[in-house]
Amino acid sequence: MRRTRAVVADPAQVVIVPSTAAALALLAQLVLRPGDTAWVEEPGYATAQALLRAAGARLVPVPVDGEGIDPARAPRGAVPRLIHATPSHQYPTGAAMSLARRLALLDRATRGGALVVEDDYDSEFHYAGRPLASLQGLDEQGCVAYLGTFSKVLAPGLRVAYAVVPPRLVAPMQAAVRLSGGTVPIHTQAAMADFLREGHLNAHIRRMRKVYHERMVDAAACLSRSAAGRWRVGPVAGGLQLALWFTQPNADDQAIARQLQADGLGIIALSPLFLGPAWAGLLIGVATALPDVVQHLVDALDAMMPVRRGRGVQARQSR
């Protein structure tokens, strides 16, 4: 983490957990009291929203744009006790948080005594130049907990993740892991340690970064060519998901997503990821987005969202 993400931490600050969701749930229990305010990105990670609600938090959505979460647009008087953010690759928009925004978020957290939970989502798969250093690496006040996982990098079934927590939270976090029963088997940890030590993880990431980048770019190009004014494609600078935003205001993305899922495509609707007024669209996984899969998606969308010109005259039939 020091080498690849500029994380500044002692190994004693690393707590091994089964998943980033487990880490967030435990941190929320340690930091929040019922009724405390938690900032979440808008749109943002639905699982994080649910976990913070379960901890009794009052969720305050903070808008996201092309530079990530914008603390200046948070409602006045909404002083957060916890802030959940995905700076490296915002979920679901794909935006990378600018340095100015990172510094502003750290300043706001420091002034208010908030804990920032940095979910370093998909940071390993950054395609456009070198990624910005982690938010935690910029933190001089010990207000950031950094979360990462091997599940996204290697395999979903590998339940190994990690939290780098401020020194004051190390002992409480370790105790919370033991009490929750959320420990990772020691033989799994030992195997993962060997895998890291022998250089296999870095080699795997280098290899798959190239593969995923090609699939991301090809999928985006195919979807853009087929858009015909019906949607716009989100950023392709990193990650394993591609956002597709519908331009039709009355598009029912949840119904469309259900049909696509029934057709075997790994798609989710974007509108449920908003807490306030929503924008419709789809979030597309690109890890398995081979050309025939992407073409299948385009054909299915053509059938459900036919191109129309003039006064509702269909100009293009589904293939």
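Thresholds, definitions, all that
Residues numbered from 1 in each chain as written. Predicted model: local features only at pLDDT ≥ 70, side-chain atom pairs only at ≥ 80, totals over all residues. Heavy atoms only, no water. Buried < 20%, exposed > 50% of the residue type's maximum accessible area, 1.4 Å probe, protein only. Helix = DSSP H or I, 4+ residues; strand = E, 2+ residues; numbered from the N terminus. Pairing = 2+ DSSP bridges. 1 Å grid on protein atoms, 1.4 Å probe; cavity = no way out; pocket = protein on both sides within 12 Å on 5 of 7 lines; lining within 4 Å. Points joined across faces, edges and corners; volume = space filled by probe spheres on them. Nonpolar A, V, L, I, M, F, W, Y, C, P; charged D, E, K, R; others polar. Contact = heavy atoms within 4.5 Å. Axes fitted to C-alpha atoms, helices over the stretch in contact; angles between N-to-C directions.

Participant: Could you give an account of the pairing of strand E1 (residues 14–17), with specific residues and numbers?
Facilitator: Burial of E1 is one-sided: the residues Val 15 and Val 17 facing one way are buried, the residues Val 14 and Ile 16 facing the other way are not. One ladder, built from four bridges, connects E1 with strand E8 (residues 161–164); its direction is antiparallel. Bridge pairing in E8 links Val 14 to Val 164.

Participant: Could you give me a rundown of the layout of surface pockets, with the residues and numbers involved?
Facilitator: Empty space among the atoms becomes apparent when a probe as large as a water molecule is rolled across them. Space inside the largest pocket adds up to approximately 1,200 Å³. As for the largest pocket, its lining consists of 36 residues, and the residues nearest its centre are Met 1, Arg 2, Arg 3, Thr 4 and Asn 202. Secondary-structure elements contributing two or more residues to the lining of the largest pocket are helix H1 (2–5), E1, strand E7 (144–149), helix H7 (186–197) and helix H8 (200–225). In this structure, the second largest pocket encloses a volume near 700 Å³. Contributing to the lining of the second largest pocket are 32 residues, with Tyr 121, Asp 122, Lys 152, Leu 240 and Gln 241 lying nearest its centre. For the lining of the second largest pocket, the leading source of residues is strand E12 (residues 281–285), giving three residues. Grouping the constituent residues of the lining of the second largest pocket by class yields 17 nonpolar, nine polar and six charged.

Participant: With reference to specific residues and values, describe the side chain of Gln 241.
Facilitator: With respect to the helices and strands, the residue Gln 241 is situated in strand E10 (residues 241–246). Apart from residues no more than four positions distant in its own chain, Gln 241 is found in contact with His 89, Tyr 121, Asp 122, Lys 152, Met 216, Leu 283, Ile 284, Gly 285 and Val 286.

Participant: I'd like to hear about the sheet that holds strand E11 (residues 267–269), residue by residue, with values.
Facilitator: Backbone-to-backbone hydrogen bonds join strands into a sheet, with any given pair of strands oriented parallel or antiparallel. In spatial order, the strands read E9-E10-E12-E11; together these four strands make up an open sheet with antiparallel pairing. Only two strands of the sheet have a single partner each, and these edge strands are strand E9 (231–233) and E11. Going from strand to strand, the sheet's axes swing by 25° on average, the running direction of each strand aside. Where E11 meets E12, three bridges bridge the pair, whose relative direction is antiparallel. When the sheet's bridge partners are listed, Ala 269 is paired in E12 with Leu 282.

Participant: Now, about empty space enclosed by the protein: what can you tell me, with residues and values included?
Facilitator: On inspection of all chains with the given rule, the structure shows one cavity of 30 Å³ or more. Looking at the largest cavity, the residues that line it are Thr 20, Ala 21, Leu 24, Tyr 45, Thr 47, Ala 48, Leu 51, His 84, Asp 119 and Leu 147. Only helix H2 (20–31) and helix H3 (46–54) provide two or more residues apiece to the lining of the largest cavity. Classifying every residue of the lining of the largest cavity gives six nonpolar, three polar and one charged.

Participant: I'd like a description of the side chain of Gln 90, backed by residues and values.
Facilitator: Note that Gln 90 resides in the loop between strand E5 (82–85) and helix H4 (99–112). Apart from the residues lying within four places of it in its own chain, the contact partners of Gln 90 are Glu 41, Pro 43, Gly 44, Val 64 and Ala 95.

Participant: Any chance you could break down the pairing of E8 for me, citing the residues and the numbers?
Facilitator: Burial along E8 is two-sided: Ala 161 and Ala 163 facing one way and Tyr 162 and Val 164 facing the other are all buried. In the sheet, E7 pairs with E8 via four bridges, with the strands oriented antiparallel. Within E8, the residue paired with Leu 147 across the bridge is Ala 163.

Participant: How would you summarise the sheet that holds strand E4 (residues 68–69) if you had to cite specific residues and measurements?
Facilitator: Taken together, eight strands build an open sheet; the order of strands is E1-E8-E7-E6-E5-E2-E3-E4 and the sheet is mixed. Either end of the sheet is taken by a strand with one partner, and the two such strands are E1 and E4. Both strand E6 (residues 115–119) and E7 contribute to a ladder of four bridges, which runs parallel. Across the sheet, the residue bridging to Asp 119 is Leu 147, located in E7.

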